[in-house]
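Residues per chain, in single letters:
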Amino acid sequence: MADIQKLFQQAVASYRAGQFSSAEQQFRHLLRFNAKHPDVLHILALCLQNQHQPKAAAEYLKTSLKYNPTHAPSRKSLISLYIQQGNYAGAQTECDTLREQQPEQFELYLLQAQLYRTMGLTDEALQAIEKARQRLAKPLPIVDYYLACIHYDLAQYEQTEAILQNLVSQIPEYIDAHVALNKLYWEHGPQEKFLTSLTKALEKLPQSRQLRYSLAAHLLMSNQPQACLESCEETLKNLPDGAEFHHLKGSALMRLERLEDAVTAYEQALKLQPDVLRHRIDYATTMMRIGEYETALQNLKAVEKFHPHSQEALAYKALCLHALGRAEADALNNYDQFVKIIPLQAPSTYANTEQFMAELAQALQGLHKTQQQPLDQSVRNGTQTVGNLFAQKLPIIAEFEAMIEAAAAQYVNGLPTSSTHPFLQRKSVGTRFTGAWSVRLAEKGFHSNHVHPEGWISCCTYIQLPPQVKPDDTTKAGWIQFGDPGMQLPNVKPKVHAVCPKVGYCVFFPSYFFHGTVPFQGDGIRMTAPCDISPAW
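Please read these numbers as outputs of a predicted model, since none were measured by experiment.

### Regarding the overall build of the protein
So, point 1. What the protein contains, in helices and strands, is 23 helices and 10 strands.
So, point 2. Dimensions of the protein along its principal axes, counting C-alpha atoms only, are 75 × 55 × 55 Å.
So, point 3. Out of the 537 residues in the protein, the part that is buried amounts to 51%.
So, point 4. When contacts within the protein are restricted to residue pairs at least 6 apart in sequence, those whose partners lie at least 24 apart make up 66%.
So, point 5. Carbon and sulfur atoms make up 50% of the accessible area of the protein, which totals about 24500 Å².

Here's what the structure looks like:
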């Protein structure tokens, strides 16, 4: 028994160190001694979740609950997993069961608030978080933090700021609160307060690794690569084994076009943390920038081994194969087969689709509340709605979701079947939305070229377009363009495909396709509603 307990402690240590693959194998070994042990099944599920295997994780959590119905950690983790994956009905069922078992537990109401917030039910989320607060003997930071997030959703920005400022004042290393507070200042102002919470916290805790990293990361996100680089280099003087700072330094050097130096920084990060997929993907893209496509390809294949559905790794792999002249590239970059523009059918209560889109544009306009582009998204010179668009309690949004669902079914049904193609092999009966939002671009607005890393199929509906977006425009202003990675690749001309958008039409494509928007000049608004779609559970 002592030996088994020692094995368990070693497995937990591996998990806490972020060595999820090793921890997985250790917990699987422990199942040989007791296949029904709730803690082993629970942490094994968390290992799988952290390795991008949500379905497998859910199965182990359900197995844990089958043998141990009152094991609250497994049920709470299953609720969180379901929320993350958009299985709201499953999350609510598990919340109901947890309520029967632990009606006075504050965590139940915190999870319920998270579920309601994700669903866009902000009033219900506020009620749930208040119930969580009522069940606490004293304030708890995570509950106050979530209360601040709900106030943000309700556009109650003064309350949001007050709660977050109190949190970072009491707990200087509360990174999530710093992130939320600086997101508030970036998107709603005042801009002069951006990053001040982090700099003040660092005055109290100048050696804080977490605070130093968050500040440097925010500098990079706000397009200050030189300041980010200097911040990383200063930290690395006293923390030479700080893998995350070597990685961030590499990203700053990439922005500054110092490619060889970026390679060195990423190599150091990989040497210190070889299992971190983000390090390996960014190292691969840097090798592509200097023309080392074979080395890049081998690193991307290593990522695929641990995250087979990574759309980002697949996108870069397709580029490498194209650069190397491999035949597989054509199968991956098959724009003619995989990019489809499908007209949406409005409900019969509308005169036509144009009327529906005009009314939808009015409804969406009220959801664009930020003053400038998001801090961490691909939008440039435009705004993006917050949260899940399809969770909004507006009848016209529900009608729109049904229209997209019908068009998505048409797209999926038209796809060929294949057991080997990484896109087609995920084709199954049924789909689910894993994200939906709206983007509003004004003059010179555009999407920088990007992929949707955790999707399968992505689509973009055109709700409002400026008059200068025309099919006969040789500049293709306002068009959606596929295949351009947004970076220069030596001796390679990417295979590019562009589509002229039309109001009332939806363009479907694989999530791993690089895509962006050609900027347009002049007056007018370009309003879209993109979505991400995954196979059904």
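Still more ground to cover, so stick around.
### Focus: the sheet that holds strand 9 (residues 515-517)
So, point 1. Pairing in this open sheet of three strands is antiparallel, and the strands run 7-6-9 from one edge to the other. Every other strand in the sheet has two partners, leaving strand 7 (497-499) and strand 9 as the edge strands with one partner each. The sheet shows a mean angle of 25° between the axes of neighbouring strands, direction not considered.
So, point 2. As judged from the three bridges shared by strand 6 (residues 480-482) and strand 7, these two strands associate in the antiparallel manner. Bridging across to strand 7, Q481 finds its partner in A498.

### Observations concerning the environment of V518
So, point 1. As for its position among the elements, V518 is in the loop between strand 9 and strand 10 (526-535).
So, point 2. V518 sits 40 residues away from G478 along the chain, and the two C-alpha atoms are 5.0 Å apart.

### Quick notes on the pairing of strand 5 (residues 457-464)
So, point 1. Of all eight residues in strand 5, seven are buried, a share of seventy percent or more.
So, point 2. In terms of strand pairing, strand 5 meets strand 8 (residues 505-510) through five bridges, oriented antiparallel. Opposite C460, over in strand 8, you have V507 as the bridge partner.
So, point 3. Where strand 5 lies against strand 10, seven bridges are found, and the strand directions are antiparallel. Each bridged residue has a counterpart across the sheet, and for Y462 the counterpart in strand 10 is T528.

### Side note on the pattern of salt bridges
So, point 1. All told, the structure shown has 20 salt bridges when counted by the stated rule.
So, point 2. Note that K317 is salt-bridged to E304, the shortest N-O span being 3.2 Å. Taken as a pair, K317 in helix 19 (residues 311-323) and E304 in helix 18 (residues 293-306) lie far apart in primary sequence, 13 residues in all. For the residue pair K317 and E304, the accessibility class agrees, reading buried in each case.
So, point 3. Bridged by salt links that share partners, the residues E130, R133 and D144 form one connected network.

### Section: helix 14 (residues 225-238)
So, point 1. If you check helix 14, its first and last C-alpha atoms are 21 Å apart, about what 14 residues at 1.5 Å a residue would give, namely 20 Å.
So, point 2. Every buried residue of helix 14 is listed here: P225, C228, L229, S231, C232, T235 and L236. Down the axis of helix 14, the sector holding all buried residues measures 165°, keeping them to one side. Exposed and oriented more than 90 degrees from the buried face of helix 14 are K237 and N238.
So, point 3. For helix 14, the secondary structure elements touched by its buried residues are helix 13 (209-221) and helix 15 (243-255).

### Examining the packing of aromatic side chains
So, point 1. In this structure the tally under the stated criterion is 19 aromatic pairs.
So, point 2. Ring geometry for F482 against F513: centres 6.3 Å apart, planes inclined by 65°, an arrangement best described as edge-to-face. Remark: F513 occurs in the loop between strand 8 and strand 9 and F482 occurs in strand 6; sequence separation between them is 31 residues.
So, point 3. Classification of F482 as buried rests on a relative accessible area of 0%.
So, point 4. Across the ring face of Y505, the terminal group of K502 is positioned such that the distance to the ring centre comes to 5.2 Å.

### Remarks on the nonpolar core
So, point 1. Counting 158 residues, the largest nonpolar core has F27 and F508 as its most contacted members.
So, point 2. With nine residues, helix 23 (residues 395-413) is the single largest residue contributor to this core.
So, point 3. When sequence neighbours within four positions are dropped, the list of residues in contact with F508 reads F338, V339, K340, I342, I404, A407, A408, Y411, I457, S458, C459 and I533.

The rules behind each value
- Residues numbered from 1 in each chain as written.
- Predicted model: local features only at pLDDT ≥ 70, side-chain atom pairs only at ≥ 80, totals over all residues.
- Heavy atoms only, no water.
- Helix = DSSP H or I, 4+ residues; strand = E, 2+ residues; numbered from the N terminus.
- Buried < 20%, exposed > 50% of the residue type's maximum accessible area, 1.4 Å probe, protein only.
- Contact = heavy atoms within 4.5 Å.
- Areas by Shrake-Rupley, 256 points an atom, 1.4 Å probe, with all protein chains shown as cover.
- Pairing = 2+ DSSP bridges.
- Axes fitted to C-alpha atoms, helices over the stretch in contact; angles between N-to-C directions.
- Salt bridge = Lys/Arg side-chain N within 4 Å of Asp/Glu carboxyl O.
- Expected span 1.5 Å × (residues − 1).
- Arc of directions from axis to C-beta.
- Phe/Tyr/Trp six-rings, centres within 6.5 Å; stacked < 30°, edge-to-face > 60°.
- Lys NZ or Arg CZ within 6 Å of the ring centre and 35° of its normal.
- Core = buried A, V, L, I, M, F, W, Y, C linked by side-chain atoms within 4.5 Å.

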